Amino acid sequence: MYIVTGGAGFIGANLIHALNQRGISDILVSDHLQRADKFRNLADLNIRDYFEAEAFLPELLAGHLGKIDAIFHQGACSDTMASDGRYVMDNNYAHSKALFHWCQENRVPFLYASSASVYGMTGRFREERAAEDPLNVYAFSKFQFDQYVRAQWHALQAPVHGFRFFNVYGPREFHKGRMASVALHFSRQYRQEGKVRLFAGSDGYADGEQRRDFIHVDDVVAVHFHFLEHPQSGIYNVGTGRAQSFNDVALAVIQTIDTETGKAPRSLAELQRDGVITYSPMPEALHGKYQSYTQADIEKLRAAGYSAPFLDVEAGVRRYLAWLGERE
């Protein structure tokens, strides 16, 4: 049996989908369903059991869940604007420590979600202490757990893999609201309003030219299964290694939708000229906290044996919008 914490969430549900595709349905999910609409992420999947997160850990620690093959730990409070630090640290840090120790004691592989947010505004994206400077309590909770795990490398009894996700987009993120990917936001804006809104230039970047490492969730899932099958304990960046602009995402979304509806493709310059792509000033609350550039250093990931190519924005957006088109 496999355990997926946060299994009703974005990446967790995609991991369950991938397990199902491999013929595996002996899966236990834990999550919080205060947001009841998250159930949609599980409705077309096959799992054995579901626990609310508070009930799950006591059952696991008491030995009531049977033999476990691996734990995919995706459960976390991921709101970067969260103000209750005690809740975030209990949910993200203390809970993760308990799972980590249970996996070590029972020799069960542990694959967990870290976050690229640990890099803050350093402008460096390499898995090393000098590059890490978390800016909010969510990022701190992820950083501190990485630090805790690092202190245990010498005594590991089972594989441990921490994954620092960059800007993930793709299926099963409906529930995320304002935290959903720009690919989803842009798609909805263009279908509903006929235009897409981006941030004006900042930090020396022109309008919409701020750049992020956008990675499709299918690639994130593929990384998990590589390390499940070829364990090499460590903390790894999970991005494409190539930054692309928000303009690139907007252009890919618009061109994909236009192709679907029989319209001739338009260039970025034409879309800007026609007011289809517009720009607005960045909110004051984001000043000094907005990463205008991220690009994963994936040297360590490649050195650990993950050699598959990553989808670029153009191919990834086409795949995502095809999935959305079947459901929206």
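What counts and what doesn't
Residues numbered from 1 in each chain as written. Predicted model: local features only at pLDDT ≥ 70, side-chain atom pairs only at ≥ 80, totals over all residues. Heavy atoms only, no water. Helix = DSSP H or I, 4+ residues; strand = E, 2+ residues; numbered from the N terminus. Contact = heavy atoms within 4.5 Å. Axes fitted to C-alpha atoms, helices over the stretch in contact; angles between N-to-C directions. Parallel < 35°, antiparallel > 145°, perpendicular 65-115°, else oblique. Left-handed = near helix turned anticlockwise from the far one by under 90°. Salt bridge = Lys/Arg side-chain N within 4 Å of Asp/Glu carboxyl O. Buried < 20%, exposed > 50% of the residue type's maximum accessible area, 1.4 Å probe, protein only. Expected span 1.5 Å × (residues − 1). Arc of directions from axis to C-beta. Polar contact = N/O pair within 3.5 Å; in protein donor to acceptor, adjacent residues only side chain to side chain.

Draft legend 1. Structural view of the side chain of S30. Relative to the elements of secondary structure, S30 occurs in strand 2 (residues 27–31). When neighbours within four sequence positions are excluded, S30 is seen to be in contact with V4, T5, G6, G7, Y50, F51, A53 and F56.

Draft legend 2. View of the packing of helix 2 (residues 53–61) against helix 3 (residues 85–106). Remark: helix 2 packs on helix 3, axes separated minimally by 11 Å, with the N-to-C direction vectors making an angle of 25°. Taken together, the axis directions place helix 2 and helix 3 in an arrangement best described as roughly parallel. Regarding helix 2 and helix 3, the two cross each other, and that crossing is left-handed. On helix 3, the residues that touch A53, F56, L57, L60 and L61 of helix 2 are H95, A98, L99 and W102.

Draft legend 3. Layout of the pattern of salt bridges. Applying the stated criterion across every chain yields a total of 17 salt bridges. A salt bridge links E209 to R211, with the nearest nitrogen and oxygen atoms 3.3 Å apart. For E209, a relative accessible area of 24% corresponds to the partly exposed category. Looking at R211, the relative accessible area reads 25%, which means it is partly exposed. Between R273 and D274 there is a salt bridge whose closest N-O contact spans 3.0 Å. Salt bridges here are not isolated pairs; linked through shared partners, they connect R126, E128, D297 and E299.

Draft legend 4. Here's a closer look at the environment of R150. Along the chain, R150 falls in helix 4 (residues 137–150). Distance from R150 to H95, taken between C-alpha atoms, is 17 Å for residues 55 residues apart in sequence. The contacts of R150, once residues within four sequence positions are left out, are E127, E128, R129, E132, R164 and I235.

Draft legend 5. Representation of helix 10 (residues 313–325) within the structure. Here helix 10 contains 13 residues, and its C-alpha end-to-end distance of 18 Å stays within 8% of the 18 Å for a straight helix at 1.5 Å per residue. Those residues of helix 10 lying buried are V313, G316, V317, Y320, L321, W323 and L324. Seen end-on, helix 10 carries its buried residues on one side only, within an arc spanning 155°. Tucked into the core, helix 10 has its buried residues touching strand 7 (167–169), helix 5 (182–193), strand 10 (214–216), strand 12 (244–245) and helix 7 (246–260).

Draft legend 6. Quick look at helix 4. With 14 residues, helix 4 should cover 20 Å at 1.5 Å per step; its first-to-last C-alpha distance of 20 Å lies within 8% of that length. Where the residues of helix 4 are buried, they touch helix 3, strand 5 (110–113), strand 6 (160–165) and strand 11 (234–238). With a side-chain oxygen positioned 3.2 Å from the backbone nitrogen of Y138, the residue opening helix 4 is N136.

Draft legend 7. Layout of the side chain of R212. Relative to the helices and strands, R212 is located in strand 9 (residues 211–212). From its side chain, R212 meets the backbone oxygen of Q291 in a polar contact 2.7 Å long. Apart from the residues within four sequence positions on either side, R212 is in contact with N167, R242, A243, Q244, F246, Y290, Q291 and T294.

Any link to function would need more than the numbers given here.
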